[in-house]
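Working through the structure, step by step
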Amino acid sequence: KELVAKTFPSLVYRDRQAVAELAASSHAEKILELGCSSGPFTQALSKTFPDADIWACDISQRQLEQAQRVGNEQGYNWNLFQAKAEETHQDTSRFDLVASYAMFHELPVDISKEVMSETFRVLKPGGMFVMGDVKSYAVMDDYGAWTADLWNNQRGYDPFWRDYATTDFGSVALDIGFENVEWRGINESQHPFVLTAYKPKA
């Protein structure tokens, strides 16, 4: 318990920071985060883009309230709002960057595709999408995939884990219309798994 308390938070924030930094080359001025929860990835985005106008949504009002407290404590001026990731009600072509971390494995794949279509809609031409989440089964051996499936899909109360982990989100992004798509693991452990994709400029 003591070891987890000391190491787990730093691992959580380290992984989120690594994903946020993958988007640093986008030089984003207006950012939308999908499924912000209590704000751990929002903080990583703020550190990577200190001058950006950051918007973040979640379906849970309680999570947004906690994110607001976190933002206030850190001195961040986030624009938080309650919405489904697949129906943000934001203007078309509004954001330079749309980002998400550890949300897609919580969704049915058909809803994930709706979220990615909504992402494509709200991105400006040339804008970037970055999504970080758990490791794909495609890079695991059979035993690793079986173990992950047992502990997460069957015992971990994550009913959509297997569907997420067996879906090629790179192909999904290409089908929606994104370009320069990469779907890969980062770090030696290939965790987190990250999708980067761009909306065509024209």
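Right above here is the structure, for reference.
A brief structural summary. (Residues numbered from 1 in each chain as written. Predicted model: local features only at pLDDT ≥ 70, side-chain atom pairs only at ≥ 80, totals over all residues. Heavy atoms only, no water.)

**Here we look at the environment of tyrosine 137**
Take tyrosine 137: it is sitting in the loop between strand S5 (123–133) and helix H5 (142–154). Residue tyrosine 137 is classed as buried on the basis of its relative accessible area of 11%. A sequence separation of 21 residues divides tyrosine 137 from methionine 116, and the C-alpha atoms of the two residues are 21 Å apart. A distance of 3.2 Å separates a polar atom in the side chain of tyrosine 137 from the backbone nitrogen of aspartate 149. (Helix = DSSP H or I, 4+ residues; strand = E, 2+ residues; numbered from the N terminus. Buried < 20%, exposed > 50% of the residue type's maximum accessible area, 1.4 Å probe, protein only. Polar contact = N/O pair within 3.5 Å; in protein donor to acceptor, adjacent residues only side chain to side chain.)

**Observations concerning the layout of surface pockets**
Taken as a whole, the largest pocket holds about 460 Å³ of empty space. Lining the largest pocket are 22 residues; nearest its centre among them are Gly35, Asp58, Ile59, Met103 and Glu106. Looking at the lining of the largest pocket, the elements with two or more residues in it are helix H2 (40–48) and helix H4 (109–122). A per-class count over the lining of the largest pocket returns 12 nonpolar, four polar and six charged. (1 Å grid on protein atoms, 1.4 Å probe; cavity = no way out; pocket = protein on both sides within 12 Å on 5 of 7 lines; lining within 4 Å. Points joined across faces, edges and corners; volume = space filled by probe spheres on them. Nonpolar A, V, L, I, M, F, W, Y, C, P; charged D, E, K, R; others polar.)

**A look at the pattern of salt bridges**
Going through the model one piece at a time under the given rule, you end up with six salt bridges. Between lysine 30 and aspartate 53 there is a salt bridge; the shortest N-O distance is 2.5 Å. Here lysine 30 is found in strand S1 (residues 30–34), whereas its partner aspartate 53 is found in strand S2 (residues 53–58), with 23 residues between them in sequence. Between lysine 124 and aspartate 96 there is a salt bridge, with its nearest N and O atoms 3.3 Å apart. With lysine 124 in strand S5 and aspartate 96 in strand S4 (residues 95–101), this residue pair connects regions lying 28 residues apart in the sequence. (Salt bridge = Lys/Arg side-chain N within 4 Å of Asp/Glu carboxyl O.)

Limitation: the analysis is restricted to geometry and does not speak to function.
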